[in-house]
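Letter by letter, the chains look like this.
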Amino acid sequence: MLRLVELCKGYLDGDEYHSVLQGAELQLKQGEQLALMGESGSGKSTLLNLIAGLDTVGSGEVWLGDVPIHAISERERTAIRRNNIGLVFQQFNLLPTLTTADNIRFCRQLKGLDDKPELWRQIISALDLMPLLHRYPEEMSGGQQQRAAIARALYMEPQILLADEPTGSLDERNAGAVIRLLVGLTKKLNCTLLLVTHSKQVAEYMSGCIRLQGGQLHVVPRR
Ligand SMILES: Nc1ncnc2c1ncn2[C@@H]1O[C@H](COP(=O)(O)OP(=O)(O)OP(=O)(O)O)[C@@H](O)[C@H]1O
């Protein structure tokens, strides 16, 4: 469902071109769960941004199902993102004027889907968000906002969920619980999961692991 072909991307730093992705290749099946690891600055966020269509490729191809993300207009990319891609990024991007409950409903409503009480209850209870539903983002800690952002992404039932260190603001106990929920619910929803993490422990929960190194993706073999 996700296919990257010879993906390249770089940035101009003054007069100098700095290459980040240099022919990254990947194939992910629907429902597969992959951890993406790599040193700081190796290009993990850059890669997620290209898959989400938030940035344009230097060269190469990004296919989401039969949609060529690399070749469509910004407007089409926005529509694809709204309907098919769940995002949990390092900036949680919760809307400051909405309560947690409304923030979590927001992406599902934007997609035009009705509420799904059973899924709602499952997500809210697993992420322990019940006591926070009436609060605004500024009234919540980083970890609480992160849990709300995860709930919002799951509740829209995306085809693929892209998560950039989704447990970065959580303590170990919460992080374990959140990862188990992410893995469990994405499996249940047959949603593909690509999750950036620096933690080997977190990566173990996924069905596979790849490392971004030297601008290319390498499969990390299981022990
Ligand atoms: N908009 C930009 N303009 C110029 N350089 C950029 C831009 N975005 C990213 N870079 C550079 O590209 C490289 C890869 O950055 P990226 O954020 O993708 O790395 P990362 O692997 O996600 O790092 P981290 O683990 O620290 O979050 C870095 O050297 C970064 O400085």
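Given the structure is predicted, the values throughout are model-derived calculations rather than measurements.

Here the UniProt-annotated "domain: ABC transporter" (unreviewed entry) positions come out as residues 2-222. This span, residues 2-222, is 34% helix and 28% strand, and a straight line between its end C-alpha atoms measures 22 Å.

The full set close to the ligand counts 13 residues, and Ser40, Gly41, Lys44, Ser45 and Thr46 are the nearest of them. The side chain of Tyr11 places a nitrogen or oxygen atom 3.4 Å from a nitrogen atom of the ligand. Within the backbone of Gly43, a nitrogen or oxygen atom sits 2.9 Å from an oxygen atom of the ligand. Alone, the ligand offers 640 Å² of accessible surface; in the complex the protein occludes 60% of this. Looking at the shell around the ligand, the elements that each hand over two or more residues are β2 (16-28) and α1 (44-51). Residue contributions to the shell around the ligand peak at three residues, all from α1.

Our focus in this paragraph is the pairing of strand β7 (residues 160-164). If a strand is regular, its side chains alternate between the two faces of the sheet. Where burial is concerned, most of β7 is hidden: five out of the five residues are buried. Here β7 shows a buried face lined by Ile160, Leu162 and Asp164 and a second buried face lined by Leu161 and Ala163. Taken together, the four bridges between strand β6 (residues 85-88) and β7 define a ladder with parallel strand orientation. The residue bridging Val88 from the neighbouring strand is Ala163, located in β7. Relative to strand β8 (residues 192-196), β7 runs parallel, the two being bridged by five bridges. Bridged to Ala163 within β8 is Leu195. Each parallel crossover has a hand, and the one from β7 via helix α6 (residues 172-188) to β8 is right-handed.

What counts as what
Residues numbered from 1 in each chain as written. Predicted model: local features only at pLDDT ≥ 70, side-chain atom pairs only at ≥ 80, totals over all residues. Heavy atoms only, no water. UniProt positions renumbered as here; feature names shortened; annotations may be inferred. Helix = DSSP H or I, 4+ residues; strand = E, 2+ residues; numbered from the N terminus. Near = heavy atom within 4 Å. Polar contact = N/O pair within 3.5 Å; in protein donor to acceptor, adjacent residues only side chain to side chain. Areas by Shrake-Rupley, 256 points an atom, 1.4 Å probe, with all protein chains shown as cover. Buried < 20%, exposed > 50% of the residue type's maximum accessible area, 1.4 Å probe, protein only. Pairing = 2+ DSSP bridges. Right-handed = clockwise from strand over helix to strand, strands pointing away.

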